[in-house]
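Understanding the architecture of this molecule
Here's the letter readout for the chains.
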Amino acid sequence: MTKNLVHIGCGAGFAGDRKDAGGPVVDTLATRDGPKYLIFETLAERTLALAQKQKQRDPERGYSPFLEAYVRPVLERCLANNIRIVSNFGAANPAGGARRILEIAKEIGCRHPRIAVVSGDDLLSVMDEKEIRSHKTIEGLPIGDGIVAANTYIGARPIAEALAGGADIVVVGRTTDPALVLGPLIHEFGWTEEDWDALAAGTLAGHLLECGAQVTGAYFADPGFKDVPDLAHVGFPIATISREGAIRVGKADNTGGCVTPATVKEQILYEMHDPSAYLTADVVLDISGVSVEQASENVVAVSGARGKARPDTLKTTISFDGGWLGEAEISYAGPNALARAELAREVLSERARERGSNAEYRFDIIGTSSTFDGGSAPYPGAGTAAADGDYRVRAAVSCHSREVAEDLADEVLSLYCSGPAGGGGFRRNITAQIHTASILVDRNRLSPSVQFIGAGA
Amino acid sequence: MTVVLDTLRLRLHDIAHGRSGDKGNRSNISVIPYTEAAYSLLLDQVTEERVLALFAHKGASAVTRYELPNLPALNFVIDDALEGGVNSTLNLDLHGKTLSFMLLDLPVEVPLDRVQELTRGRRQG
């Protein structure tokens, strides 16, 4: 057994990912020697704002609604095989999430885990709204009224600290996604705050794992061009990282999917802007010299990550009230369907104009080129749509009042009796919107801390 | 006049693959050739100017192309490509997830004698 290799698997790449993905990852990790970890990444920018709202209604909630679905099936096996769990499913309430996991352990009747709660990402607890608003927005909209949440990406160090304290499970709120992987590596290898190249390799490993099966053939398949075996049972990734920062990406045993240079390249560049400067709380990652190589079947070696000194500021996402989104759809099919769909769109657009609302509207015909179209100009590269077919008219509005959103949906509904011939399959969706803005704050303003509950606490 | 047909018009999708991601109102789209030999053709033909023109109807304001010869791959960062981004777009696809395939719809001219070579990597997964 060697402590020069650490094995880290991923059981979820976003809130809403497969609930049964973690099982095969845990079964595979159980066969490996050395330190073993399972991460779940469940926290999109808006997820945290929703969680804050939930916590305001019930102080014990506000952790990820998926926490139980991910943890319960694997908890006993993880504890029995020394597989430590690290996740941001704490969302707005890591302490509440940790208490729920302890309850689950009691319900299952397994060993009671030692659980670390990482807190200190809530900027609102250390900075007032006026000061928050004095920061320049670097991404997203200017900060609007009604701030719901302001959470800072606090990085990997508190996770490493939690593991050094003997945690079986680390529950975090907002941190950078790669920190879920980098934290365990810092703990196992003792990488210092200035081991930039090692921190960069750990961050790259985290970037490869954080989206779950996006590196193992999912979100990749393109039949006839990029074929992926048994996508229905795609295996989630397991990376093995060495003390020197060598990365090997594989996947859970006895699963579908594939790990090839092509699947890994797509994930390396996913949500990457300047490849020489991927900013995180712990290091600036430079992937411009990275290369990939098939090491064995479904295992790809990744090397060449370089690191530069971390920034003095931390990214913070501010979430605020964003009004309403109203959407509604209706279908037209068969002979002359396109002309009937176009007429329906004209009717909707004319009636919206006559209402004189200053809200922003959009009308699409799904089945032509709706997602490629611009808000006010169609996609020039779209071919001629067939006159006969199966088209769906979609109306959408962004507005301050729920009534305007409902009115638009009612207009689409009215096409049942007052629109072109043969409209069917009406659906509506009215959503309260949360908008986000990102700012950079002085990292010294945040003081993340770790508490323990459960065994030995 | 004699016309010599020495290239074949294919789509980028025939010789490369990619994935899009979003941050605010900015989209990034990777373009990864199936064969290393196609990389130089991508460098010549998939230019910042062409990509900006492709996204003009969405209101794109600037395109930066990053070159990664080691992979090899290109990474395009397209400013103001997402009609406001996930915050405020009315596009059905809030994140612009489908847009990698809009870029892969771009025509490319491939020398006739290299068509087989440059499309060879497909189906390898």
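Residues numbered from 1 in each chain as written. Chains lettered and ligands numbered in written order. Predicted model: local features only at pLDDT ≥ 70, side-chain atom pairs only at ≥ 80, totals over all residues.

1. Observations concerning the interface of chain A and chain B
Contacts between chain A and chain B engage 46 residues on the former and 33 residues on the latter. The set of elements that each furnish at least two residues to the side of chain A that touches chain B consists of β5 (139-140), α10 (261-268), β12 (291-296), β16 (360-366), β17 (389-399) and β18 (424-442) of chain A. In terms of residue class, the side of chain A that touches chain B is built from 17 nonpolar, 17 polar and twelve charged. (Contact = placed C-beta atoms within 7 Å. Helix = DSSP H or I, 4+ residues; strand = E, 2+ residues; numbered from the N terminus. Nonpolar A, V, L, I, M, F, W, Y, C, P; charged D, E, K, R; others polar.)

2. Things to note about the sheet that holds strand β10 (residues 278-279) of chain A
All names here are of chain A. Across the sheet, three strands lie side by side as β10-β11-β14; this open sheet has antiparallel pairing. Here the strands that pair on one side only, and so sit at the sheet edges, are β10 and β14 (306-308). Judged from the three bridges that link them, strand β11 (residues 284-286) and β14 form a sheet pairing that is antiparallel. When the sheet's bridge partners are listed, V284 is paired in β14 with K308. (Pairing = 2+ DSSP bridges.)

3. A few points about the domain arrangement of chain A
All names here are of chain A. Once the domains are mapped, chain A shows domain 1 (5-131 + 150-317 + 439-454) and domain 2 (318-436). Taken together, the elements giving at least two residues each to the side of domain 1 that touches domain 2 come down to α2 (45-57) and β15 (313-334). Considering every element that reaches the side of domain 1 that touches domain 2, the biggest residue donor is α2, with four residues. Per-class residue counts for the side of domain 1 that touches domain 2 are four nonpolar, two polar and two charged. (Domains from an automatic or database assignment.)

4. Remarks on the pairing of strand β4 (residues 26-33) of chain B
Residue and element names in this part refer to chain B. The buried fraction of β4 amounts to eight of the eight residues, a majority that puts the element mostly inside the structure. The alternating pattern of β4 places R26, N28, S30 and I32 and S27, I29, V31 and P33 on opposite faces, both of which are buried. Bridge count for strand β2 (residues 16-17) against β4 is two bridges, and the pairing is antiparallel. Paired with H17 across the bridge in β4 is I32. Bridge count between strand β3 (residues 20-23) and β4: four bridges; the pairing is antiparallel. Opposite G21, over in β4, you have N28 as the bridge partner. (Buried ≥ 20, exposed ≤ 12 C-beta atoms within 10 Å, placed from the backbone.)

5. What about the sheet that holds strand β4 (residues 114-119) of chain A?
Residue and element names in this part refer to chain A. Taken together, the ten strands give an open sheet; going across it, the order is β12-β13-β9-β8-β1-β2-β3-β7-β4-β19, and neighbouring strands pair in mixed fashion. Each edge of the sheet is formed by a strand with only one pairing partner; in this case those strands are β12 and β19 (449-454). Averaged over all pairs of adjacent strands, the angle between their axes in this sheet comes to 25°, without regard to strand direction. Alignment of strand β9 (residues 247-251) against strand β13 (residues 299-303), held across three bridges, turns out to be antiparallel. Opposite R248, over in β13, you have A301 as the bridge partner. Sitting on the sheet, helix α8 (residues 179-189) touches β1 (5-12), β2 (36-40), β3 (83-87) and β8 (237-242), and the angle it makes with β1 is about 160°. (Axes fitted to C-alpha atoms, helices over the stretch in contact; angles between N-to-C directions.)

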